Structure formats: structure tokens, C-alpha cells
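Here are the chains, one letter per residue:
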Amino acid sequence: MLAGSCLCGSVAYEVDAAPGPIVHCHCTICRKTHGSAFSTVTNVPRDRFRWTRGEDLLRGFESSPGKTRYFCTKCGSHIVAERAGTGTILLRMGCLDTPITERPKVHIWRSDAASWFDPGDQLPEWQEGKAPPS
């Protein structure tokens, strides 16, 4: 079972399926939608997905023909996307509440990538958002 929710907790979902391949998408639309270098997504079967609260708070935006991105109208979290006729839902991994062990498989749309981000860079890691004391 997978569970996810928006930032404010008003919208939530469950999925009775394992996540599909995890992908980092660098397309311009994902970058603009999420205000970041890329969006990390996975897909799940539509018939195994259900909203558990707040479905009435969702709004959709057709970002490209046939693809609708759904977000919470209270906090703005982009939670899922759906492409008509595919039978799958794209989960935004940042909204997933269930810990998973799967790792991302691929970076896609690198042709649209932000010039200031290179996934090969080895950068320092600060566990709490600031440099550790030295």
C-alpha cells in the first residue's frame, strides 16, 4: 500500500500497488510546474488508485494535450498527473508519505534541463539545511 498527501494534508490518496519505475523528468513543463530542476515521478495503475480525502479541493490543469496535472487548491501542492487513456496515474514522489526502497532509474528530457543543474555533480550534503559545525 502506498499513501500520499499534499503539504497541508487536506488531500490524500492510497494505492494498492507497488510503484512503477521512478523517473526524474527535466522537461520545461515539469520544471515550471514544480519550480525546480526536475520532477520525480512514478506511475501506478489507475484502477488501484483512490482519493481518501479532499478530492473536492483538487483542480486540474491540462499542461499538454491530454495530460492533466492535479493540485491542492489550499496549499498548491502538485500531487498527481494523468494522461487520458493510459490507465495509469503519475504520482509526484515528493507527495508520497510511504517510505519506499526503490531508486530512480533514469533522467528524462535532459534536452530541456536547467543549465545550472548537472546530475553528475558531487556536492556536499548538509543533513539539516545548513553546514555542519566544523
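Everything below is about the structure shown above.
Residues numbered from 1 in each chain as written. Predicted model: local features only at pLDDT ≥ 70, side-chain atom pairs only at ≥ 80, totals over all residues. Heavy atoms only, no water.

Visitor: Can you break down the environment of T52 residue by residue, with the values?
Guide: Relative to the helices and strands, T52 is located in strand β5 (residues 49–53). We classify T52 as partly exposed; its relative accessible area is 39%. Note: C-alpha distance between T52 and E62 (10 residues apart in sequence) is 23 Å. (Helix = DSSP H or I, 4+ residues; strand = E, 2+ residues; numbered from the N terminus. Buried < 20%, exposed > 50% of the residue type's maximum accessible area, 1.4 Å probe, protein only.)

Visitor: Any chance you could break down the pattern of salt bridges for me, citing the residues and the numbers?
Guide: The tally for this structure, following the rule as stated, stands at 3 salt bridges. The partner of R50 in a salt bridge is D16, with the nearest N and O atoms 2.8 Å apart. In this pair, R50 sits in strand β5 while D16 sits in the loop between β2 (12–15) and β3 (22–25), placing the two residues 34 residues apart along the sequence. Here R46 ties to E82 by a salt bridge, and the two come within 3.1 Å at their closest N and O atoms. Within this pair, whereas R46 is found in the loop between β4 (39–45) and β5, its partner E82 is found in strand β8 (residues 78–83), the two being separated by 36 residues in sequence. Here R46 falls in the partly exposed class, since its relative accessible area comes to 32%. Sharing partners across several salt bridges, the network here consists of E14, D16 and R50. (Salt bridge = Lys/Arg side-chain N within 4 Å of Asp/Glu carboxyl O.)

Visitor: Lay out the nonpolar core with the relevant residues and their values.
Guide: Core analysis: the biggest nonpolar cluster contains 19 residues, and Y13, V15, F49, W51, I79, V80 and L91 have the highest contact counts within it. Broken down by secondary-structure element, the contributors of at least two residues to this core are β2, β5, β8 and β9 (88–92). Aside from chain neighbours lying at most four places away, what touches V80 is Y13, F49, W51, T68, R69, Y70, I89, L90, L91 and R92. (Core = buried A, V, L, I, M, F, W, Y, C linked by side-chain atoms within 4.5 Å. Contact = heavy atoms within 4.5 Å.)

Distances and angles like these do not, on their own, reveal function.
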